Amino acid sequence: MKKVIVSTKENLGYGTLIWVNASNRKVYRSSKSISADTSFHSYDSHFMGMVDKLYKNQEKHPLLFNQMLEKSNRIFGVCLNKRRNTDGSKDMKVLFFRDWDSVQDFAENGFPKLVKAEVKRRKAAKQKWLERGKLFSDTKKQSQ
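Residues numbered from 1 in each chain as written. Predicted model: local features only at pLDDT ≥ 70, side-chain atom pairs only at ≥ 80, totals over all residues. Heavy atoms only, no water.

Engineer: Can you walk me through the overall build of the chain in this structure?
Structural biologist: What the chain contains, in helices and strands, is three helices and six strands. The helix and strand sequence of the chain, counted from the amino end, reads β-β-β-β-α-β-β-α-α. Expressed as a percentage of the 144 residues in the chain, the buried residues total 37%. Here the analysis covers contacts within the chain between residues at least 6 apart in sequence; of these, 60% occur between residues at least 24 apart. A total of about 9,300 Å² of accessible surface is found on the chain, and carbon and sulfur atoms cover 50% of it. (Helix = DSSP H or I, 4+ residues; strand = E, 2+ residues; numbered from the N terminus. Buried < 20%, exposed > 50% of the residue type's maximum accessible area, 1.4 Å probe, protein only. Contact = heavy atoms within 4.5 Å. Areas by Shrake-Rupley, 256 points an atom, 1.4 Å probe, with all protein chains shown as cover.)

Structure below.
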């Protein structure tokens, strides 16, 4: 498994399944989040583009994808988080796996822990945002 930063115009949710076909180098995504009890053929597929368009680091990632694709006919990725860039694109941290069994193992063992941590992080960020908004509102009231 390898963590890679990819850049895409599409808005991928947390846990979105991504796969790259070795034969034609096309990248697909599902609108569903990864699940431990779902077979690969149950996911819907949406074409995202060619693999070379997704590289964030042009020197490192082509070599990484080439090495992974040489050993498998398809590699799988799970989107872990995203950042919006100033040009409107989004950088996604994606965890790539060489085979479907590894993805299923991750979905069963590692992903639920990450989801809990992500929910906790989002709640904390929302609470901080609410506190800052309340503080801003209070200072506006006091200045009037």
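The structure having been displayed, the exposition proceeds.
Engineer: I'm lost on the nonpolar core in this one. Help?
Structural biologist: Side chains of a nonpolar character, in soluble globular proteins, are inclined to be buried together. If you look at the biggest cluster of nonpolar residues, it comprises 17 residues, and the most contacted ones within it are Val6, Val20, Val27, Ile75 and Phe96. Every element with two or more residues in this core is listed here: strand 2 (16-21), helix 1 (61-70), strand 5 (74-84) and strand 6 (90-97). Contact partners of Val27, with chain neighbours within four places excluded, come to Ile18, Trp19, Val20, His46, Phe47, Met48, Gly49, Met50, Val51 and Leu54. (Core = buried A, V, L, I, M, F, W, Y, C linked by side-chain atoms within 4.5 Å.)

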